[in-house]
Each structure stands twice: as C-alpha cells, then as structure tokens.
Amino acid sequence: MHPKPDLARAATSAFDPVVAQTALDGLTAARKTLPPHLLYDPEGCRLFDAITTLPEYYVTRTELALLRRVGPEVAALIGPGASVIEYGAGSVTKAALLLQALESPAAYAPLDIAEVAVEGTVAAMRKRFPAIALHPIVGNFMEPIALPDVPQPLLGFFPGSTIGNLDRPAAIAFLTAVRQSLGQGARFLVGVDLPKDPAILVPAYDDAAGVTAAFNMNLLHRLNREAAAEFDLAGFRHEARWNAAHSRIEMHLCSRGAQSVSVAGQPIRFAAGETIHTESSYKHARGAFLDMARAAGWESEACWTDDAQLFSMHLLR
Ligand code: AVJ
C-alpha cells in the first residue's frame, strides 16, 4: 500500500525499509504511536546512558544500590555453581554485581537481539571474570529460545525495569517464554520499578537538563535519516505524562501546531497538540507484578525494595 522508497535517496542516506515501514504503520494508526525500540539507535543509546546518571532518574542508581544490598541473600537462595542468563545485554555493571555476589558462578549467557551488544558484554566480562564460561546468545527474548548447555541451577536476570516497556499481555507472554526456555527448577531475578508520586515520576522522564527530551526527539532525527521523513524538530516537543489508570509513564512527541509531514513519500497530518506515543513505562506494585508472574507459571520466592520503596527486585521460581 505504501509508495516504494525513493532509491536515489536510499543510496545517499541510511534509509532502512524496515524502519520506514514500522514508522508508517505507527503513524497511520488512529492514535499515532511508534515502538520504543526505535529510540535505541547509537545516539539514542548514548542519550539513554546519560539518562541513567541524571539526578531525577532514580531508577538506575536505586536498582544498583538494591542489587548490592540483596546480592548475598540472592546468592544464599541460589547456591553455588549457577549459570546466569541475562535477557537483554545492556548492563555490564549490574550483571557484574550479580556474578560477584553469587558463589562460584559457572556460566554467564547474555541474550540480545543486537550481536554487537552481546559481543561487547562478553568481551567486558571475559576480562573481569576469566573463570566463568561465557555464552553470547543472539536472539529475540520475546520468543522461547534454545539455551546453551550450561550447568544448573539456572538464574534468569532481567534488570532495569525493562519489563515496564511491555503492556500486560506482552509482559505475560515474555514471562511465559522465559519460563519455557529456562525450564523447571530455574529462578528469575527481575528488576521492577514501583508506582510512586507523579511529582517524582514525571521529572524522572522530563529532566531539567533536557536529556530525556533529546532522547525522545532523537527518534524524529532517526526517522528523517532512516525513514525518508521530513520532520521539522522545532514543530514538536517532548512530553512525559503519568497515566494513573494504566499505572504507566508515557512519553509523547507533541505537535506544536497543525502540520503535515512527509514520511517515506506519504503525507502524515498532525492536528495542533496531537501526539505520537513513543514509549510506555509501566510501574508495577508488588501484587500487580506477581499477578502477571503467576499467570505465566512463576511463583514468588522473594521480593526486596529499597528503604524509600522506589524500586523492587523480584526473585521468581
Ligand atoms: C529502559 C525502558 C527501563 O522506562 O525507565 C528512560 C527507558 N525512557 N527514560 C524506562 C527510559 C525514558 C527506561 N527503560
């Protein structure tokens, strides 16, 4: 249905037909939306790294402190000789903290859709943990995946509240796929951000220095390059909203006025104030998270939070 990409343009820019089609699908829907994975091009990854050290973004430092605190308890529950399978390979620091806490871990297998990410993680770990067997896995963690033959017990690891990007059906599907691939007797350690005062939440996703705004707006830069789009960035602004009914922060790109923007040769019309919903970040209370985990066949083994109850670590079995 969509026009063919302009090949002359494709040759001189980083046109990517998959990105273009994904963008058109989202921008021609009744409510304009783009999948959050599009935020993470190289510049988006750099900006996300900058977000993790912002004063308003409590998520990363709170989870790191919590992991340091509960590491020995996790280690005692798991026992010696475990193999850690990390879903997504974006956090060498957190995985290193976990491996350090465990008693003589046998193997570490980071799973990511991006080969560069798993290779980078494995290279960093090889230096720090020469005695641990390393198994990079390239694959989509939303699908049941064949794991390498590593020693038991198995411990899945999913930090960062990445699960917050998934709505309830997708989160249950993910938790089910992980349970299938890890098998009976495995555990799953999941970092989950908690609901809290919007006065804390909103600035965490709309910081004073404008880094999160740049992270969100970078998506339009990316579409200009990769989807042959013609977004004028001055025509949009970043917005973070707390959606209490769905217990989620939403990031939007808000059109400052009525305008039409060409995307891969197709005009996309915006009303003044109309938005593109670019990311949801669900905040799950303990009970709400465990309800999804149980629907996926898991049971709760332990749950820890920091003293201010900002963030939680769930150990499932
Ligand atoms: C990587 C999905 C956990 O939701 O907090 C941070 C992404 N977006 N600031 C989050 C994000 C804007 C982050 N996750």
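Residues numbered from 1 in each chain as written. Predicted model: local features only at pLDDT ≥ 70, side-chain atom pairs only at ≥ 80, totals over all residues. Heavy atoms only, no water.

1. Examining the packing of helix 4 (residues 58-78) against helix 5 (residues 92-101)
Okay, so step 1: Axis separation between helix 4 and helix 5 bottoms out at 8 Å; the angle between their running directions is 20 degrees. Between helix 4 and helix 5, the angle is such that the two are roughly parallel. Considering the relative orientation of helix 4 and helix 5, their crossing is right-handed. Contacts between helix 4 and helix 5 involve Thr60, Glu63, Leu64, Leu67, Arg68, Gly71, Pro72, Val74 and Ala75 from the first element and Thr93, Lys94, Leu97, Leu98 and Ala101 from the second. (Axes fitted to C-alpha atoms, helices over the stretch in contact; angles between N-to-C directions. Helix = DSSP H or I, 4+ residues; strand = E, 2+ residues; numbered from the N terminus. Parallel < 35°, antiparallel > 145°, perpendicular 65-115°, else oblique. Left-handed = near helix turned anticlockwise from the far one by under 90°. Contact = heavy atoms within 4.5 Å.)

2. Let's talk about the pattern of salt bridges
Two side chains bearing opposite charge may form a pair once their charged atoms approach each other closely.
Okay, so step 1: The tally for this structure, following the rule as stated, stands at 14 salt bridges.
Okay, so step 2: Across the salt bridge formed by Glu299 and Arg317, the nearest N and O atoms sit 3.5 Å from each other. With a gap of 18 residues between them, Glu299 in the loop between helix 10 (286-295) and strand 12 (300-305) and Arg317 in the segment after strand 13 (311-316) connect regions that are remote in the sequence.
Okay, so step 3: Classification of Arg317 as partly exposed rests on a relative accessible area of 39%. (Salt bridge = Lys/Arg side-chain N within 4 Å of Asp/Glu carboxyl O. Buried < 20%, exposed > 50% of the residue type's maximum accessible area, 1.4 Å probe, protein only.)

3. Points about the environment of Asp49
Okay, so step 1: Along the chain, Asp49 turns up in helix 3 (residues 42-51).
Okay, so step 2: Along the sequence, Asp49 and Thr60 sit 11 residues apart, while their C-alpha atoms lie 10.0 Å from each other.

4. Overview of the sheet that holds strand 11 (residues 275-282)
Okay, so step 1: With respect to topology, 3 strands assemble into an open sheet ordered 7-8-11, the strand pairing being antiparallel. The open sheet terminates on both sides in strands that have one partner only, identified here as strand 7 (236-243) and strand 11. The sheet shows a mean angle of 20 degrees between the axes of neighbouring strands, taken without regard to direction.
Okay, so step 2: The sheet contact formed by strand 8 (residues 248-255) and strand 11 spans 7 bridges and is antiparallel. What sits directly across from Met251, in strand 11, is Glu279. (Pairing = 2+ DSSP bridges.)

5. Points about the domain arrangement of the protein chain
Okay, so step 1: Here the protein chain is described as being made up of domain 1 (13-35 + 212-282) and domain 2 (58-196 + 284-316).
Okay, so step 2: Each of domain 1 and domain 2 has a C-alpha centre, and the two are 31 Å apart.
Okay, so step 3: Contact residues are listed per partner, giving 5 residues for domain 1 and 8 residues for domain 2.
Okay, so step 4: Interface area, domain 1 with domain 2, both sides summed: about 520 Å², of which 42% is carbon and sulfur.
Okay, so step 5: In this assembly, domain 1 and domain 2 are joined by 0 salt bridges.
Okay, so step 6: Put simply, domain 1 and domain 2 have 3 residue pairs in polar contact (both at pLDDT 80 or more) between them.
Okay, so step 7: Residue composition of the side of domain 1 that touches domain 2, grouped by class: 1 nonpolar, 3 polar and 1 charged. (Domains from an automatic or database assignment. Buried area = accessible area lost by both parts, 1.4 Å probe. Polar contact = N/O pair within 3.5 Å; in protein donor to acceptor, adjacent residues only side chain to side chain. Nonpolar A, V, L, I, M, F, W, Y, C, P; charged D, E, K, R; others polar.)

6. Some words on the side chain of His238
Okay, so step 1: Looking at the element boundaries, His238 is found in strand 7.
Okay, so step 2: Looking at His238, its side chain comes within polar contact range of the main-chain oxygen of Tyr205, at 2.8 Å.
Okay, so step 3: At 3.0 Å, the side chain of His238 forms a polar contact with the side chain of Asn216.
Okay, so step 4: Residues in contact with His238, not counting those within four places in the same chain, are Tyr205, Asp206, Thr212, Ala213, Asn216, Met217, Met251 and His252.

7. Details of helix 7 (residues 168-182)
Okay, so step 1: With 15 residues, helix 7 extends 21 Å from end C-alpha to end C-alpha; this agrees with the ideal 21 Å at 1.5 Å per step.
Okay, so step 2: Looking at the buried side of helix 7, the elements it contacts are strand 1 (83-87), strand 5 (154-158), strand 6 (187-193), helix 10 and strand 13.
Okay, so step 3: Backbone nitrogen of Ala170 and a side-chain oxygen of the N-cap are separated by 3.1 Å at the start of helix 7; the cap is Asp167. (Expected span 1.5 Å × (residues − 1).)

8. Structural notes on the nonpolar core
Okay, so step 1: Counting 69 residues, the largest nonpolar core has Leu155, Leu189, Leu223, Phe231, Val263 and Trp304 as the members making the most contacts within it.
Okay, so step 2: No other element matches the 9 residues that helix 4 contributes to this core.
Okay, so step 3: Residues from two domains meet in this core; each of domain 1 (13-35 + 212-282) and domain 2 (58-196 + 284-316) gives at least three.
Okay, so step 4: When neighbours within four sequence positions are excluded, Leu189 is seen to be in contact with Leu67, Val74, Leu98, Leu155, Gly156, Phe157, Phe158, Trp304, Met313, His314 and Leu315.
Okay, so step 5: Within the second largest apolar cluster, 29 residues are counted, among which are Val150, Ala171, Ala186 and Trp298. (Core = buried A, V, L, I, M, F, W, Y, C linked by side-chain atoms within 4.5 Å.)

9. Digging into the site of the ligand
Okay, so step 1: For the ligand, the set of nearby residues contains 13 residues, the closest of which are Tyr57, Gly160, Tyr205, Glu279 and Ser281.
Okay, so step 2: The contact in question runs from an oxygen atom of the ligand to an N or O atom on the side chain of Tyr205, over 2.5 Å.
Okay, so step 3: Alone, the ligand offers 350 Å² of accessible surface; in the complex the protein occludes 95% of this.
Okay, so step 4: For the shell around the ligand, a count of residues per class yields 7 nonpolar, 5 polar and 1 charged.
Okay, so step 5: Inspection of the shell around the ligand shows a minimum of three residues originating in each of domain 1 (13-35 + 212-282) and domain 2 (58-196 + 284-316). (Near = heavy atom within 4 Å. Areas by Shrake-Rupley, 256 points an atom, 1.4 Å probe, with all protein chains shown as cover.)

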